[in-house]
Amino acid sequence: LECAQRITRQVDRLNELLSDFFSYARPAEPNKRPTSLKAILVETRPLINSRLTKNHITLHEDISSELPKIIADPHQLQQVFLNLFLNAIDAIKQQGRIDISASLPNPIQLQRYRKEYPALLQNSPYVVVHFTDNGTGMSPATAEQVFEPFFTTKTSGAGLGLSIVYRTLKENDAAIVLKSREGKGTTFTIFLKVDM
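In short, a report on the structure. In this convention, every chain numbers its residues from 1, walking through the sequence in written order. At least 70 in pLDDT is required for a residue's local features to be given in this predicted model, at least 80 for side-chain atom pairs to be given and counted, and no such filter applies to totals for whole chains, interfaces and linings, which use all residues. Heavy atoms from the whole structure form the basis of all side-chain values; hydrogens and water molecules are not counted.

By definition, any uninterrupted DSSP run of H or I lasting at least four residues is a helix, any uninterrupted run of E lasting at least two residues is a strand, and each is numbered from the N terminus. One less than the residue count of a helix, multiplied by 1.5 Å, gives the span that helix is expected to have. For helix H3 (residues 74–92), with 19 residues, the first-to-last C-alpha span of 27 Å sits near the 27 Å given by 1.5 Å per residue. Here H3 lies mainly inside the structure; 15 of its 19 residues are buried. Two or three places before His75, at the opening of H3, Asp73 has a side-chain oxygen 2.9 Å from that residue's backbone nitrogen. A positive backbone phi angle near 70° is found at Lys93, which sits one or two residues after H3. A 1.4 Å probe rolled over the protein chains alone gives each residue an accessible area, and that area as a share of the maximum for its type sets the label: buried under 20%, exposed over 50%, partly exposed in between. N or O atoms closer than or at 3.5 Å make up a polar contact, with two conditions inside protein: a donor-capable atom paired with an acceptor-capable one, and, for residues adjacent in sequence, both atoms drawn from side chains.

In structure tokens form, the structure reads like this:
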């Protein structure tokens, strides 16, 4: 019986690796449309609530109700946030905090972002999301490679999670960058295109 359970677990794991691989190799065409960031986060929360409770992790959200709609595929964006949540929970392990804030930067802040991240579209306004955890953080070398396919520091998984996040956001005319300090935590900053 134990042998059969072990085989089932390995088959499930292989299935997860393959589906990760195929969603990286052949991502679905995004169905971009005006959508509410707040609504996407509200729908994502029930998917991770039990993990947050089990790991004694507090979630704090500061999302203005005045935010304009963004242009993105809501299902793909939900997948992005789910991935970031699972990574944060992994990094925190027990008793930590995840903070999510979203705002519409003013022209001066946006100019500063464009200077720091030249890949941002020049004439597009963005909603900026900060997704922060107080987990283990990363070394500069790890942070540099984290969006590369097949890069992982975990003992299981294919190392495709964050590369899928990066690629999915790019296909949705969005961008993601990160700042991390070992032992202090990580902040992902996501730039989502505003519906004009």
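Here the narrative resumes.
Here the nonpolar core consists of buried residues drawn from Ala, Val, Leu, Ile, Met, Phe, Trp, Tyr and Cys, with membership extended through side-chain atoms lying within 4.5 Å. Core analysis: the largest hydrophobic core is formed by 39 residues, its most contacted members being Leu37, Phe81, Leu84 and Ile98. Looking at this core element by element, the count peaks at 9 residues for H3. Should any heavy atoms of two residues lie within 4.5 Å, those residues are counted as being in contact. Once you skip the residues sitting within four places of it in the chain, Leu84 turns out to touch Phe131, Leu162, Val165, Ile176, Phe188 and Ile190.

Attention now goes to the side chain of Asn55. In this structure, Asn55 sits in the loop between helix H2 (37–54) and strand S2 (57–63). Excluding residues that lie within four positions of it along the chain, Asn55 makes contacts with Ile89, Lys93, Gln94 and Gln95.

On to H2. Taking 1.5 Å as the rise per residue, H2 with 18 residues should run 26 Å; its terminal C-alpha atoms sit 26 Å apart, in good agreement. At any given residue, the bend is defined as the angle formed between two axes, one fitted to the seven residues that end at that position and one fitted to the seven that begin there. In H2, a bend of some 50° at Ile48 exceeds every other bend along the element. Turning to H2, its buried residues number three or more, namely Leu37, Ile40, Leu41, Thr44, Ile48 and Leu52. Between a side-chain oxygen at the N-terminus of H2 and the backbone nitrogen of Lys38 the separation is 3.4 Å; the capping residue is Ser36. Phi turns positive, to about 55°, at His56, one or two residues after H2.

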